[in-house]
Structures are given as C-alpha cells and as structure tokens.
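One letter stands for each residue in the lines below.
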Amino acid sequence: MLAKKPSNVNPQELYLIIMIMQFFILLNIIIPVSGPMVFLLFIFTVFSMILRWRFDLNPKYMLIDEGIIILISILYPSAHLFLFIFAYYFAYKNKFIYMIPIIITGFVFNYQTLYLLLMQAIIFGTILYLWSRDNAYNINLTDNLRRRIYELEQVQSHLLSDYQDTERISRLTERQRIAEILHDSLGHELTAAHLSIKAYKALIDNNKQEQAQNTLKKVEKKIEHSLKQLKDSVKYIEPYQEHGFSDLTYLIEKYTYHIDFTHSGDILKLKPYIWQLILISVKEALTNITKHATPEHITLKLAVTDYIVKLVIENDGIKDNSDKISGNGLRYMRSRLEAINGSLSIQKQDGFKLIIIIPIENGR
C-alpha cells in the first residue's frame, strides 16, 4: 500500500483559510443586526484584510482602520464586533501592543460574545505566528546547510583536483628523473661496451686473436660495471621512505617547546603523500600552539596500523576556550583529510587535543 503524500500547507495559506472562517463567523453574527452601515463596515473590513494579504504593508497602518471601526462603534455599537478580525491580524503579525485599543473597547461594551471572539482570534493568530516563525527558521537553516554542503563539495572537488594534478606532475617528474639517471649511469657504459663488441668482431675478422681477447675482457668488465650501476640506480630511484620521518623529527627538535614524541607501527612503509599530510598537520598544530597556548607539556603520538595512521597532538597550556583556535588553518586541514576519507577531531577538556586519522589505501 502506497503511503500518502504529506500535506504541503504553509502558515500563510492556513492564515488565509482561518481569515475566511473568521469572516464567516462575523457574517453570521451581524446578519441579525444588518443595516447599511453594518454592510459598509463589512465591505471595508474585507477590503482592508485583502489589501494587507496582497501587499506586505507595515502592521502599524492597520491602526488607522482599527481606529475608524472604534470611532464608528461609538455611534453604531454593533460595529465593535468587527474588531476581533483586527485582533487576529495583529496576533499573526506579533503586534500585541496594537490590540490594546481593541481590549479597552471590549471592556467598555462588556459584551461576552466579543470576549470569546477576541480569545479565539488571538489564539489562532498566535499559533500561526509561532508556526510561521519556526517554519522560516527551518527554511533558513536548510538553506544554510545546503550552502555549506555545496561549499564543502566545491572545496573537496578542488582539493581532489589539486591532488590529482600534483600526483600527475610528480609521476612525470619521477619519469624524467629516472630517464636522466639511466642515461647518465648506464648510457655511456653500454655505448662503450657496444662499440667494444664491434671492435672485437673486427679484430676477429682480421685474425688478431690476442688483441681480440683483450678487447673481450674489457667488454666483460664494462658489462659487469654496468650491472653494478644498474643496481645502484634502482636503489637511488626507489623512494627514500625515511625522508618523511627525518623531516618530522627535525620539525619536532627545532620547535620552541619540548615535545614528547612517540611512535609505533611500521612508519617506514608510509607513502610520500601520507608523510606530506602528517607534516602539514603537525606544522599547523604547532603553529596553533605557539599562537594560542603557553604549554608546559606537549605530546605527539604517531601510530601506524595496517589500515590507518593516527596522529595525536596534545598540550596543556591553552590560554582560553574560545573558538579562535578553530581557525582557517584547521578548517583547511580538515578539508584535506576529508578529501581522502580521513578525519580531524578536537577535544578541549583540560588542554587541547588534536586527533587526526589518515586511511592507508588498500591496507599495506
């Protein structure tokens, strides 16, 4: 069985519906005392409310219409029955102070029916005002959330694009570096060996056996030397994983305050881009400590598992608990981490703790 579609009635539409009901109530009340003046007042009131519904006029202008009804009620007492319509309008606009003349008029005429009409009009108007206010707040909150989501998606898109561009440039740079290493280390040796083999063939053809044997020995030595250079080049081409760790320890040692640094797990297996995120995060965290804290104790813990890298930076010298600490730097850091499905969290109990989680792609 299909679920019913929820109603989309908004406060403005319900206000108009209840206003029409109020006029029906008024019409049933004034029919027994109908007369030319009562009929004109009814047309005047209907026109006044339609004008306010069609155009967003300042509610204070309704005081003029209210005053006209009150003055006419002095000569035609039945005119005071129209005032509850204005009370409904003022309650919906949250202008209760404008109802003071209506309440005073009600006490003067001391008509029980008017009291009941005023009470229901004020109740309906107040409920609709509260609903309209909450509805406007929810709409504004939804719009802000959508805008925030859109901005985050844009930032993530730019970060992913920058990361892909950087990765592509890095690959091209690495290929160029490998080509230069192979050319410089192996190119000359292999070329010389190739020329020596041609010379060996020429000596054999000319029946110069002794010289040919000497040339062959030189070719063997050149090839052996080339193989050694190839092994050395491969080692040089491979990423130097300790470089990121040495940069991190250098950063810690050169910092203004002493840092208790501990690490666990196989940190030498981390890829260069993870080391880059770790270094950027530590730099930003230490910068924030310098700006916003006077610590006596700083700890930095780096834990590497098969699937994540956990970085915890904590200090006990936070100057205040204001939100100034969560500035642009931390927001940008969080955006970088979220772009690779990482996370950043902050704890401000008895100090300041920054917890960073970086996923390791495909485990190890």
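Up top is the structure these notes are about.
Note that this is a predicted model, so its numbers are computed, not measured.

Student: Looking at this structure, how should I read the overall build of the protein?
Tutor: Secondary structure summary: the protein contains 10 helices and 5 strands in total. Expressed as a percentage of its 364 residues, the buried residues of the protein come to 31%. For the protein, long-range pairs separated by at least 24 residues make up 69% of all intrachain contacts whose partners lie at least 6 apart in sequence. Surface summary for the protein: the accessible area is close to 23,800 Å², and the carbon and sulfur share equals 60%.

Student: Explain the nonpolar core here, please?
Tutor: Grouped together as the largest cluster of nonpolar side chains are 35 residues, with contacts concentrated most on Ile278, Val309 and Ile358. At the level of secondary structure, the elements contributing two or more residues to this core comprise helix H8 (242-253), helix H9 (272-292), strand E2 (298-304), strand E3 (308-315), helix H10 (328-339) and strand E5 (352-359). Residue contributions to this core peak at 10 residues, all from H9. If we skip the residues at most four places from it in the chain, valine 309 touches Leu270, Ile274, Ile278, Leu302, Ala303, Val304, Ile356, Ile357, Ile358 and Ile360. If you look at the next biggest cluster of nonpolar residues, it comprises 32 residues, including Ile18, Ile70, Leu83 and Met99.

Student: Is there a simple way to think about the packing of aromatic side chains in this case?
Tutor: Two aromatic rings, taken as a pair, are described by how far apart their centres are and by the angle between their planes. Here the structure, examined in full by the defined rule, presents 9 aromatic pairs. Relative to tyrosine 92, the ring of tyrosine 15 has its centre 4.2 Å away and its plane inclined at 20°; by these criteria the two rings are stacked. Of this pair, tyrosine 15 sits in helix H1 (residues 11-30) while tyrosine 92 sits in helix H4 (residues 83-92); the two residues are 77 residues apart in sequence, bridging distant segments of the chain. Take tyrosine 92: its relative accessible area is 10%, and that puts it in the buried class.

Student: What is the right way to read the pattern of salt bridges from this model?
Tutor: When the charged atoms of two side chains with opposite charge come close together, those side chains can pair. The full count for this structure, using the stated rule, is 3 salt bridges. With a closest N to O distance of 4.0 Å, arginine 133 and aspartate 134 form a salt bridge. When the shortest N-O distance is used, the salt bridge between arginine 148 and glutamate 151 registers 3.9 Å. Taken as a pair, arginine 148 and glutamate 151 lie in helix H6 (residues 112-205) at a separation of 3 residues, close to a single helical turn.

Student: I keep staring at the sheet that holds E5 and nothing clicks. Help me out?
Tutor: Strand pairing in a sheet is mediated by backbone hydrogen bonds. Such pairs are either parallel or antiparallel. The strand order across the open sheet formed by 5 strands is E1-E2-E3-E5-E4, and the pairing between neighbours is mixed. Both edges of this open sheet fall to strand E1 (259-264) and strand E4 (343-347), since each of them pairs with a single strand only. The average undirected angle you get between the axes of adjacent strands in this sheet is 10°. With 6 bridges joining them, E1 and E2 adopt parallel strand pairing. Note that in E2 the partner of histidine 263 across the bridge is leucine 302. Where H9 meets the sheet, its contacts fall on E1, E2, E3 and E5, and the angle it forms with E3 comes to roughly 10°.

Student: Help me out: how do you make sense of the pairing of E5 in this one?
Tutor: Looking at chain direction, E3 and E5 are connected through 8 bridges and run antiparallel. Bridging from a neighbouring strand, valine 309 pairs with isoleucine 358 of E5. Across 5 bridges, the pairing between E4 and E5 is antiparallel. Within the sheet, the bridge partner assigned to leucine 344 lies in E5 and is isoleucine 356. Taken together, E4 and the strand that follows it, E5, pair antiparallel across an intervening segment of 4 residues, in which aspartate 350 is found at a positive phi of about 55°.

Student: Would you explain the side chain of threonine 45 in this entry?
Tutor: Along the chain, threonine 45 falls in helix H2 (residues 36-54). Accessibility expressed as a relative area gives 0% for threonine 45, which makes it buried. Side-chain polar atoms of threonine 45 contact the backbone oxygen of leucine 41, separated by 2.8 Å. When near neighbours in sequence (up to four residues on either side) are disregarded, threonine 45 contacts Phe23, Ile69, Phe82, Ile85 and Phe86.

Student: What is the right way to read the environment of tyrosine 200 from this model?
Tutor: Mapped onto the elements, tyrosine 200 comes out in helix H6. Classification of tyrosine 200 as partly exposed rests on a relative accessible area of 22%. In this structure, the C-alpha to C-alpha distance between tyrosine 200 and leucine 216, residues 16 residues apart in sequence, is 6.4 Å. Excluding residues within four positions of it along the chain, tyrosine 200 makes contact with Ala212, Thr215 and Leu216.

Student: How do you make sense of the environment of glycine 244 when you look at a structure like this?
Tutor: Tracing the sequence through the fold places glycine 244 in helix H8. In this structure the C-alpha to C-alpha distance between glycine 244 and glutamine 276, which are 32 residues apart in sequence, comes to 7.5 Å. Contacts of glycine 244, omitting those with residues within four sequence positions, involve Trp275 and Leu279.

Student: What am I meant to see in the pairing of E2 here?
Tutor: Across the 7 residues that make up E2, a large majority, 5, are buried. Here 7 bridges tie E2 to E3, and the two strands are oriented antiparallel to one another. Looking at E3, one finds that alanine 303 is bridged to lysine 310. Counted between consecutive antiparallel strands, the loop separating E2 from E3 contains 3 residues.

What counts, and at which threshold
- Residues numbered from 1 in each chain as written.
- Predicted model: local features only at pLDDT ≥ 70, side-chain atom pairs only at ≥ 80, totals over all residues.
- Heavy atoms only, no water.
- Helix = DSSP H or I, 4+ residues; strand = E, 2+ residues; numbered from the N terminus.
- Buried < 20%, exposed > 50% of the residue type's maximum accessible area, 1.4 Å probe, protein only.
- Contact = heavy atoms within 4.5 Å.
- Areas by Shrake-Rupley, 256 points an atom, 1.4 Å probe, with all protein chains shown as cover.
- Core = buried A, V, L, I, M, F, W, Y, C linked by side-chain atoms within 4.5 Å.
- Phe/Tyr/Trp six-rings, centres within 6.5 Å; stacked < 30°, edge-to-face > 60°.
- Salt bridge = Lys/Arg side-chain N within 4 Å of Asp/Glu carboxyl O.
- Pairing = 2+ DSSP bridges.
- Axes fitted to C-alpha atoms, helices over the stretch in contact; angles between N-to-C directions.
- Polar contact = N/O pair within 3.5 Å; in protein donor to acceptor, adjacent residues only side chain to side chain.

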